[in-house]
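Per-entry structural report
Residue strings, one per chain:
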Amino acid sequence: MSINEITPPGQLDPAGLIRLMTWLGPSFPVGAYTYSHGVEYAIEDGRVKTRDSVITWIEGVLAFGAGRIDGVLFCQAYAAAKQGDLDALTGIGIDADCRRGTAEMALEATAQGRAFVSTVSQVWDDPLLARWASSLRGLDRLPSYPVAVAIAAAGIGVDLRSALTAFFHAMSANLVSSAVRLVPLGQTDGIRAVAALEKAVEMAVERAIETDPEDIGACAPLVDWTSMKHETQYTRLFRS
């Protein structure tokens, strides 16, 4: 099954929209607000200090960093989940667990992944998500957040493009939120930044859908560097 076959045009079912808004909203207990993805040190180092530099930084994350990796993993997991292929999902989960440049980036992905699986399992019935998480535990691996969200989205019939757009929007909005608290930016400038990132989110979605899984990769060394420096930053509000 190709990616194009599972991304048909059409309206998002209202029930699916509500579920996505619940899962990716700020009140869903994955602890997203505790992660800055290196933004905290980038601000400390003076590399991010205005609304425009916040926008540029997050555009880079989406185009060249975690967005590049997570989008392809999301698409792979969505396709495998639609087919109910647990073996493929386990392999994708192992791959995702390895594709982090720093310890804090790995924590960001797996801690949110575990929290997402735990909450979804307690509130909604998703047998495939539960079996996937169990298979990873048996291999001493942790569930990655983008893969977990993709499996859950496929399970409720949300189309791939809508699910991935919501995921990337939540990612970018969370990074803007960290900058609002740290730069600091005003609330209105924060919303201006989120609005300015709409095109970057759209481009990240299309790039992920079009990328062959064999070509998965990223190149955002400065983001990884700020993450590593953050590990020893003297004062910190965030876990990454």
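Look up: the structure comes first, before these words.
If you're wondering where the values come from, they're calculated on a predicted model, not measured in any experiment.

A closer look at the overall build of the chain
The number of helices and strands found in the chain is 12 helices and zero strands. Starting at the N terminus, the α and β elements of the chain follow one another as α-α-α-α-α-α-α-α-α-α-α-α. For the chain, whose C-alpha radius of gyration is 17 Å, the value lies close to the compact-globule estimate of 18 Å for 240 residues. Along the first, second and third principal axes, the C-alpha set of the chain runs to 45 × 40 × 35 Å. Looking at the chain as a whole, 51% of its 240 residues are labelled buried. Within the chain, residue pairs in contact and separated by at least 24 positions form 82% of the contacts whose partners lie at least 6 positions apart. For the chain, the accessible area works out to roughly 11,300 Å², and carbon and sulfur atoms hold 53% of it.

Some details on the pattern of salt bridges
By the definition in use, this model includes nine salt bridges. By sharing partners, the salt bridges in this structure join Arg51, Asp189 and Arg192 into a single network.

With respect to the nonpolar core
With 74 residues, the main nonpolar core has Phe116, Trp132, Ile151, Phe167 and Phe168 as its most contacted residues. Considering each element in turn, this core owes the most residues, 11 residues, to helix H9 (residues 160-182). Apart from the residues within four sequence positions on either side, Phe167 is in contact with Leu24, Asp70, Phe74, Tyr145, Pro146 and Val149.

Section: helix H4 (residues 66-82)
Across its 17 residues, H4 extends 24 Å between first and last C-alpha, which sits within 8% of the 24 Å expected from 1.5 Å per residue. Just beyond H4, the residue with positive phi is Gly84, at close to 65°.

A few points about the state of the cysteines
By definition, a disulfide is the covalent link that joins the sulfur atoms of two cysteine residues. One pass over the full model with this rule turns up zero disulfides. The thiol sulfur of Cys75 is not disulfide-bonded, and the nearest other cysteine sulfur, from Cys98, lies at 20 Å. Sulfur of Cys219: no disulfide; nearest cysteine sulfur belongs to Cys98 and is 20 Å away. Its relative accessible area of 59% is what places Cys219 among the exposed residues.

Conventions and cut-offs
Residues numbered from 1 in each chain as written. Predicted model: local features only at pLDDT ≥ 70, side-chain atom pairs only at ≥ 80, totals over all residues. Heavy atoms only, no water. Helix = DSSP H or I, 4+ residues; strand = E, 2+ residues; numbered from the N terminus. Rg over C-alpha atoms; globule rule 2.2 N^0.38 Å. Buried < 20%, exposed > 50% of the residue type's maximum accessible area, 1.4 Å probe, protein only. Contact = heavy atoms within 4.5 Å. Areas by Shrake-Rupley, 256 points an atom, 1.4 Å probe, with all protein chains shown as cover. Salt bridge = Lys/Arg side-chain N within 4 Å of Asp/Glu carboxyl O. Core = buried A, V, L, I, M, F, W, Y, C linked by side-chain atoms within 4.5 Å. Expected span 1.5 Å × (residues − 1). Disulfide = S-S within 2.5 Å.

None of the figures reported here should be taken as evidence of function without further support.
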